[in-house]
Amino acid sequence: MAARNGSFCRDVKLRHLEDDRTVHQEAANRNTQYTLPPEKVNANPKLATQRDDDDRTPLHWATSYNHLSIVELLVQTKNFDPDTKALASTKPVRSLPGSIRVWLRCLDNAGQTALHFCASKTNLDAARKLIARKASARVRDRRGQYALHRAAAIGSIPIVQLLLDTQSPLNATDDAGFTALHHEGHGDAALVLLRAGAETDNKTVDGDLAISLAPDATVRSFIVNSAAREGIDL
């Protein structure tokens, strides 16, 4: 009987621990197959837009960790705003596990929307869900970057194309004078930008052309030769 009671108490304790997890922690679960119980949000819809100690909503975490089912749940909640920004915070991040706090310190994401996170993490399906819910590709973060800057830096052709199709500004510069083409360092995505009409004569605040920022001679040669074959003047 004592063993049975002990097992019952452990089960109750585990259930309480699960109930006590915030929606932010649920959305930041590293298991991408994890699904947030809908009743947790349905019982209190305000949880879907609540900010944690680092001024992020559950949507920012769900898009960062590619939890498509959680994104689908959150976008259906009342007062959903696909363009809400993750804001800078000077408060310590206490609401999330230690490993995630380390990740936060390594990533400057102040002012990014969920679409920025999708671009940075190459989460194409989540990006499509957000855009279907009218997320804007024309929102800058605090470094002056659009989601397109981030997609170009990662070299994600599908997300670059998706954002271009959603009227993202192509030649806009960030605070350092970088266009999306300046950020692109993988070759293939640069061609997508060039075909779309990316300007090649824009210079950064330090005077650099995009082609001069190619990561190495191989990538630079690939871009130059591919552009020449398509009649694009660099």
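Up top is the structure these notes are about.
Residues numbered from 1 in each chain as written. Predicted model: local features only at pLDDT ≥ 70, side-chain atom pairs only at ≥ 80, totals over all residues. Heavy atoms only, no water.

A. Region of interest: the side chain of T204. The residue T204 is located in the loop between α12 (188–195) and α13 (217–229) in this model. The residues contacting T204, other than those within four sequence positions of it, are A176, G177, F178, H182 and L213. (Helix = DSSP H or I, 4+ residues; strand = E, 2+ residues; numbered from the N terminus. Contact = heavy atoms within 4.5 Å.)

B. Quick peek at α13. Over its 13 residues, α13 runs 18 Å from end to end, which matches the ideal 18 Å to within 8%, given 1.5 Å per residue. On its buried face, α13 sits against α12. The backbone nitrogen of T218 has a side-chain oxygen 3.1 Å away, supplied by the residue at the start of α13, namely D216. Two residues or fewer after α13 comes G231, characterised by a positive phi angle close to 75°. (Expected span 1.5 Å × (residues − 1). Polar contact = N/O pair within 3.5 Å; in protein donor to acceptor, adjacent residues only side chain to side chain.)

C. Quick look at unusual backbone geometry. Of note in this structure, N79 is not a glycine but carries a positive phi near 65°. Secondary-structure assignment places N79 in the loop between α5 (68–75) and α6 (98–106). Positive phi outside glycine occurs at Q167, with the angle close to 70°. Considering the arrangement of structural elements, one finds Q167 in the loop between α10 (157–165) and α11 (180–183). Using a relative accessible area of 54% as the deciding quantity, one classes Q167 as exposed. (Buried < 20%, exposed > 50% of the residue type's maximum accessible area, 1.4 Å probe, protein only.)

D. Structural view of the nonpolar core. Judged by nonpolar contacts, the single largest core of 50 residues is most densely connected at L115, L130, L148, L163 and L193. When sequence neighbours within four positions are dropped, the list of residues in contact with L148 reads V160, L163, L164, S168, P169, L170, A180 and L193. (Core = buried A, V, L, I, M, F, W, Y, C linked by side-chain atoms within 4.5 Å.)

E. Focus on the environment of T218. Within the element layout of this structure, T218 appears in helix α13. Once the C-alpha coordinates of T218 and G187 are considered, the two residues, 31 residues apart in sequence, prove to be 9.3 Å apart.

F. Spatial organisation of the packing of α10 against α12. The contact between α10 and α12 brings their axes to 9 Å, and the two run at 20°. Accordingly, the angle class assigned to the pair α10 and α12 is roughly parallel. Along this stretch, α10 crosses α12, giving a crossing that reads as right-handed. Across from I157, V160, Q161 and L164 in α10, the residues of α12 making contact are D188, A189, V192 and L193. For the contact of α10 with α12, the per-class residue count stands at six nonpolar, one polar and one charged. (Axes fitted to C-alpha atoms, helices over the stretch in contact; angles between N-to-C directions. Parallel < 35°, antiparallel > 145°, perpendicular 65-115°, else oblique. Left-handed = near helix turned anticlockwise from the far one by under 90°. Nonpolar A, V, L, I, M, F, W, Y, C, P; charged D, E, K, R; others polar.)

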